[in-house]
Amino acid sequence: MQIDKTKCYFIPADELLNFAEEIQPENGTDFQLPELYRMLECDTIEVVRLHSPERWLIIDEDGKNKERPLNLTATVLSQLYPHDVIVGHAVMCPKRFLK
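Residues numbered from 1 in each chain as written. Predicted model: local features only at pLDDT ≥ 70, side-chain atom pairs only at ≥ 80, totals over all residues. Heavy atoms only, no water.

S.K.: Go over the sheet that holds strand 5 (residues 90–94) with me, naming the residues and quoting the values.
M.R.: Taken in spatial order, the five strands line up as 2-1-5-4-3 in an open sheet, and their pairing is antiparallel. The open sheet has two edge strands, strand 2 (21–23) and strand 3 (45–49), and neither has a second partner. Going from strand to strand, the sheet's axes swing by 30 degrees on average, the running direction of each strand aside. Pairing of strand 4 (residues 55–60) with strand 5 involves five bridges; the strand directions are antiparallel. Residue pairing in the sheet places Ile 59 in a bridge with Ala 90 of strand 5. (Pairing = 2+ DSSP bridges. Helix = DSSP H or I, 4+ residues; strand = E, 2+ residues; numbered from the N terminus. Axes fitted to C-alpha atoms, helices over the stretch in contact; angles between N-to-C directions.)

Listed below in structure tokens is the structure:
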């Protein structure tokens, strides 16, 4: 999977690796909370800084309590494993897309 560090991606919760869909904010500039809630199917979000300080992963803050499925692609990209895993859908984007 090729990831362009300047683009945004929706990463569905799935135990398969190598799937991410390129996305854009609805308003063309930055993601709004209601838009993220819809995509992630959640009420609260958590922002995880990736190994690059300019890239963020947005996830369901309460995903583990809701027993969301493992998101293997987001877990690998986050470099949290083996200490932690990402569950549920995720959005990966440069921090300039969040305000």
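S.K.: I'd like a description of the nonpolar core, backed by residues and values.
M.R.: Ranked by internal contacts, the top residues of the largest apolar core, which has 13 residues, are Phe 31, Ile 58, Val 91, Cys 93 and Leu 98. Secondary-structure elements contributing two or more residues to this core are strand 1 (8–11), helix 1 (33–40), strand 4 and strand 5. Look past the residues within four positions of Phe 31 in its chain and what remains in contact with it is Cys 8, Ile 23, Gln 24, Pro 25, Leu 36, Met 39, Val 91, Cys 93, Phe 97 and Leu 98. Residues Leu 50, Leu 57, Ile 86 and Ala 90 belong to the second largest nonpolar core, which totals 11 residues. (Core = buried A, V, L, I, M, F, W, Y, C linked by side-chain atoms within 4.5 Å. Buried < 20%, exposed > 50% of the residue type's maximum accessible area, 1.4 Å probe, protein only. Contact = heavy atoms within 4.5 Å.)

S.K.: Requested: an account of the confidence of the model for the protein, with residues and values cited.
M.R.: Of all residues in the protein, 97% attain a pLDDT of 70 or more, and the chain-wide mean is 90. At the low end of the mean pLDDT range in the protein sits helix 2 (residues 72–78), at 88; at the high end sits helix 1, at 97. (pLDDT = per-residue confidence, 0-100.)

S.K.: Hey, could you go over the packing of aromatic side chains for me, with residue numbers and the actual values?
M.R.: Within this structure, the stated rule accounts for one aromatic pair. Ring geometry for Phe 31 versus Phe 97: centroids 6.4 Å apart, planes at 50 degrees, classification tilted. With Phe 31 in the loop between strand 2 and helix 1 and Phe 97 in the segment after strand 5, this residue pair connects regions lying 66 residues apart in the sequence. We classify Phe 31 as buried; its relative accessible area is 4%. (Phe/Tyr/Trp six-rings, centres within 6.5 Å; stacked < 30°, edge-to-face > 60°.)

S.K.: Any details on the environment of Gly 63? Residues and values, ideally.
M.R.: Tracing the chain through its elements places Gly 63 in the loop between strand 4 and helix 2. Spatially, the C-alpha atom of Gly 63 lies 22 Å from that of Glu 22, the residues being 41 residues apart in sequence. Excluding anything up to four places from it in sequence, Gly 63 contacts Arg 68 and Val 87.

S.K.: Account for helix 1, naming residues and giving values.
M.R.: For helix 1, the complete set of buried residues consists of Glu 35, Leu 36 and Leu 40. Viewed end-on, helix 1 has its buried residues packed into an arc of 115 degrees, placing them on one side of the element. Contacts from the buried residues of helix 1 go to strand 3, strand 4 and strand 5. Positive phi appears at Glu 41, one or two residues downstream of helix 1, with a value of about 55 degrees. (Arc of directions from axis to C-beta.)

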